[in-house]
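Structural characterization, general
Each chain is listed here by its residues.
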Amino acid sequence: MNFKNYLLLAALGLTISSCAGEKKTDTIKIGEYASLTGPTASFGQNSHNGILLAIEEINAAGGVLGKQIELISEDDQSKPEEGATVVNKLIHRDGVVAILGEVASSISLAGAPICQEAKIPMLSSGSTNPKVTKVGDFIFRTCFIDPFQGKVLAKFVADSLKLKKVAILRDIKNDYSVGLADFFAENFKQLGGEIIADQVYSAQDKDFKAQLTALKEIGMEGICVPGYYNEVSLIARQARELGINVPLFGGDGWSSPKLLEVAGNSLEGAFYVEHFSHKDPNPVVQDFVKKYKAKYNSEPDGMSALGYDSAKLMADAMTRAGSTEGEKVRDALAQTQGFQGVTGTVNIDAERNASKSAVILQIRNGEHEFFATVNPN
Ligand code: PHE
């Protein structure tokens, strides 16, 4: 090789390596793990849609710290084990600097220890079980927690529905469902109510007739069903088929367009606690609804809104940190106060949870109608 060619190659080599070097840093890689397929696919798909919309807006406005955000999404198939696998991949193979997800508490509980160990900040959009953020100081959430949600539900059932004797039907394979059932029961009893039966099922069950038959003649005035939409919709149908006509009520796990596709009119009049209502007249909410509908041609649900807020909050924390370094982003997330999201104003407390309002929705004429907003305290 003559000297001229060598120089050329060296120059090329330099160019290639500087390209590769730049590539490493010219975007901010954020990972997302979500149930894009599997039994709770609508949680993952809708939060993913919200995240994508937010990142599109952030990038169009110039990105974060002068760089574009690159979202790397992984499907955990609605399974905790798979959640752990993809979080490992995102951190150790893709080199993400932060993680968004998961929605389901049981899956967040599988991914959080890996983020904590690697000192990569994780921001869960929808996991409301208190154990999630207790994993460690790198684990945050954009949503309220179940002690609050359980209290909101219990107060509503006792004060507005004026029920005194209720039954619980909980999913014992689901950390969220078990926790919310307990927080509801504790608060309902404090308000003078009585839990006259506590029945269980397991996620993926399809037949709830045995539990419902056991509940049928005990004189309950309502059934608390703090589970996910896929089982809740079947429970509602089967309850009506068995002639059980008392009201059913639950929590944010009901949040899915799929709920009524399966439940039909068997949930007519039912109430549940949510993070957001697309019918909230607040201009911040309506602006988001308009943008979401334009992009996806469907209404956003609580998950879509939480996904959107999570991505915006993460970007905001990186901007405030002036860095994407794990410990600095952690500190900025911890200091979040008065962050204006479409799901309300987020204040991160000392336990890394968001203290914020909840909404109560009622199913009327096949629509998820806004009923009330409940503020913390
Ligand atoms: N709160 C649920 C959980 O912790 C997840 C969820 C959030 C579902 C928001 C729907 C809407 O598992």
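For every chain, the first residue of the written sequence is number 1, and numbering continues from 1 along that sequence. Per-residue local features are limited, in this predicted model, to residues with pLDDT of at least 70; the limit for side-chain atom pairs, both in listing and counting, is 80 or more; totals at the level of whole chains, interfaces and linings are taken over all residues. With hydrogens and water set aside, each side-chain value is computed from the structure's full complement of heavy atoms.

1. Considerations on the nonpolar core
Of all hydrophobic cores here, the largest spans 56 residues; its most connected members are Ile99, Ile223, Trp254 and Leu267. By convention a nonpolar core is built from buried Ala, Val, Leu, Ile, Met, Phe, Trp, Tyr and Cys residues, the set being connected through side-chain atoms within 4.5 Å. Accessibility here uses a 1.4 Å probe with only protein chains present; expressed as a share of the type maximum, an area under 20% marks a residue as buried, one over 50% as exposed, and anything in between as partly exposed. Ile30, Ala311, Ala315 and Leu333 belong to the second-largest nonpolar core, a separate cluster that totals 34 residues.

2. Examining the pattern of salt bridges
Salt bridge criterion: a side-chain nitrogen from Lys or Arg within 4 Å of a carboxyl oxygen from Asp or Glu. Taken as a whole, this structure holds 17 salt bridges when the rule is applied. Linking Arg330 and Asp137 is a salt bridge whose minimum nitrogen-to-oxygen distance equals 2.9 Å. In this pair, Arg330 sits in helix 13 (residues 326-334) while Asp137 sits in the loop between helix 5 (131-134) and strand 5 (139-141), placing the two residues 193 residues apart along the sequence. Judged by relative accessible area, which is 18%, Arg330 ranks as buried. Note on Asp137: relative accessible area 31%, which makes it partly exposed. For helices the rule is a DSSP run of H or I covering at least 4 residues; for strands it is a run of E covering at least 2, with both sets numbered from the N terminus onward.

3. Quick look at the sheet that holds strand 15 (residues 367-374)
With respect to topology, 7 strands assemble into an open sheet ordered 7-6-8-9-10-14-15, the strand pairing being mixed. In the strand order of this sheet, the two ends are held by strand 7 (194-201) and strand 15, each with one partner. The mean angle between the axes of side-by-side strands here comes to 25°, regardless of whether they run parallel or antiparallel. A pair of strands is considered paired only if DSSP assigns at least 2 bridges between the two. Sheet analysis places strand 6 (residues 165-171) next to strand 8 (residues 222-224), joined by 3 bridges and oriented parallel. Paired with Val166 across the strands is Gly222, a residue of strand 8. Convention adopted: a line fitted to C-alpha atoms gives each axis, helices being fitted over their contacting stretch, and angles between N-to-C directions are expressed from 0 to 180 degrees.

4. Concerning the packing of aromatic side chains
Note on aromatic pairs: the rings of Phe, Tyr and Trp (six-membered ring only in Trp) are paired at centre separations within 6.5 Å, and the planes decide the class, stacked below 30 degrees, edge-to-face beyond 60, tilted for the rest. The final tally for this structure, using the stated rule, is 15 aromatic pairs. Look at Phe184 and Phe188: their rings are 5.2 Å apart centre to centre, the planes differ by 15°, and that puts the pair in the stacked class. Of this pair, Phe184 and Phe188 both sit in helix 7 (residues 175-190), separated by 4 residues, roughly a single helical turn. Under the relative-accessibility criterion, Phe184 is labelled buried at 0%. Take Phe188: its relative accessible area is 0%, and that puts it in the buried class. Among the aromatic residues, those joined into a ring-pair cluster are Phe276, Phe288, Tyr292, Tyr296 and Tyr308.

5. Structural notes on the sheet that holds strand 13 (residues 354-355)
One open sheet holds the 3 strands; their spatial order is 11-12-13, and the pairing between them is antiparallel. With one partner strand each, in any of the chains shown, strand 11 (339-341) and strand 13 form the two edges of the open sheet. With 3 bridges joining them, strand 11 and strand 12 (residues 344-348) adopt antiparallel strand pairing. In the sheet register, Gln340 faces strand 12, and the bridge partner there is Thr345.

6. Concerning the domain arrangement of the chain
Domain boundaries shown here were taken from an automatic or database domain assignment. Structurally, the chain comprises domain 1 (11-144 + 282-356) and domain 2 (147-274). Relative to domain 2, the C-alpha centre of domain 1 lies at a distance of 30 Å. The interface is formed by 20 residues belonging to domain 1 together with 21 residues belonging to domain 2. Put simply, buried area is the surface a 1.4 Å probe can reach on two separate parts but cannot reach once they are joined, added for both. Buried area between domain 1 and domain 2, summed over both chains or domains, comes out near 1500 Å², and the portion from carbon and sulfur atoms is 54%. On the domain 1 side of the interface with domain 2, the three residues burying the most area are Pro39, Phe43 and Phe144, jointly 34% of the side's total. By the convention used here, residues are in contact when the closest approach between their heavy atoms is within 4.5 Å.

7. What about the site of the ligand?
Of all residues adjacent to the ligand, which total 13 residues, the nearest are Ser105, Gly126, Thr128, Tyr228 and Asp252. Contacts to the ligand include Ser105, whose side-chain N or O atom sits 2.5 Å from an oxygen atom. A 1.4 Å probe and the Shrake-Rupley method give the accessible areas. Residues count as covered only by the protein chains that appear here. Alone, the ligand offers 320 Å² of accessible surface; in the complex the protein occludes 100% of this. Of the residues belonging to the shell around the ligand, the class tally is 6 nonpolar, 6 polar and 1 charged. Looking at the shell around the ligand, you find at least three residues from each of domain 1 (11-144 + 282-356) and domain 2 (147-274). By convention in these notes, a residue is near a molecule or strand provided one of its non-hydrogen atoms lies within 4 Å of it. Think of a polar contact as two N or O atoms within 3.5 Å of one another; within protein, one of them needs to be a possible hydrogen donor and the other a possible acceptor, and neighboring residues in sequence only count if both atoms come from side chains. Side-chain classes are defined by residue name, with Ala, Val, Leu, Ile, Met, Phe, Trp, Tyr, Cys and Pro counting as nonpolar, Asp, Glu, Lys and Arg as charged, and the others, Gly among them, as polar.

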